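# Remarks on the overall topology
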Amino acid sequence: MECELCGKITSELYKSKIEGVEMLLCKECAKFGKSPKTYSRYSLNNAVPISSDKPKKAKKPIGHKKDMFDDLKVVVEDYGDVIRKAREKKHMTTKELALKIGMKESTLHKLERGELEPEEKYVKKLESSLGISLYEDSEGYEDAKVKKESFTLGDFVKIKRRK
């Protein structure tokens, strides 16, 4: 069976609770959690191993599943320069543009300097007022081909070891 934290294939898994989530972990990862029954620091002496004669195979993904990040709009990296250049091209001052879109002049200054990322409602107003586009095309972000069939928490978590 596969450890849900590091992905290691092992014959024995231990139930452990990490950050409030009950998981099946290998012996090495189990020490980072707590026993779900006692809520004391997990010790392998009182743990009940979950064993299997043969390892389970991971289910193969069927097609691409849509997730919440597929439709996520991302503001272009140099949005401040884009706003400033478009404003100057229209011969507008920051005060005039701020009044037109209903924003404080100081906030517009921060946007142009890249110190503050614009809220979606202001992005729409800036785009229509200046005739620009501040969102990146999501087509450029293709899903990377993954060697594994599934992810484990260990793929996303970096464990700091005590010295």
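Residues numbered from 1 in each chain as written. Predicted model: local features only at pLDDT ≥ 70, side-chain atom pairs only at ≥ 80, totals over all residues. Heavy atoms only, no water.

It is worth spelling out unusual backbone geometry at this point. We note that H91 has phi near 55°; this positive angle belongs to a residue other than glycine. Here H91 is to be found in the loop between α2 (79–89) and α3 (94–101). (Helix = DSSP H or I, 4+ residues; strand = E, 2+ residues; numbered from the N terminus.)

In this section: the side chain of S129. Of note, S129 is situated in helix α5 (residues 120–130). Here K125 takes part through its backbone oxygen, which lies 2.9 Å from a polar atom of the side chain of S129. Other than its neighbours up to four places away in sequence, S129 contacts K90, L97, K100 and I101. (Polar contact = N/O pair within 3.5 Å; in protein donor to acceptor, adjacent residues only side chain to side chain. Contact = heavy atoms within 4.5 Å.)

All of the buried residues in α2 are Y79, G80, I83, A86 and R87. Along the axis of α2, the buried residues cluster in a sector spanning 140°; they form a single face. Exposed positions of α2 whose direction lies more than 90 degrees from the buried face are K85 and K89. H91 lies just past α2 and shows a positive phi near 55°. (Buried < 20%, exposed > 50% of the residue type's maximum accessible area, 1.4 Å probe, protein only. Arc of directions from axis to C-beta.)

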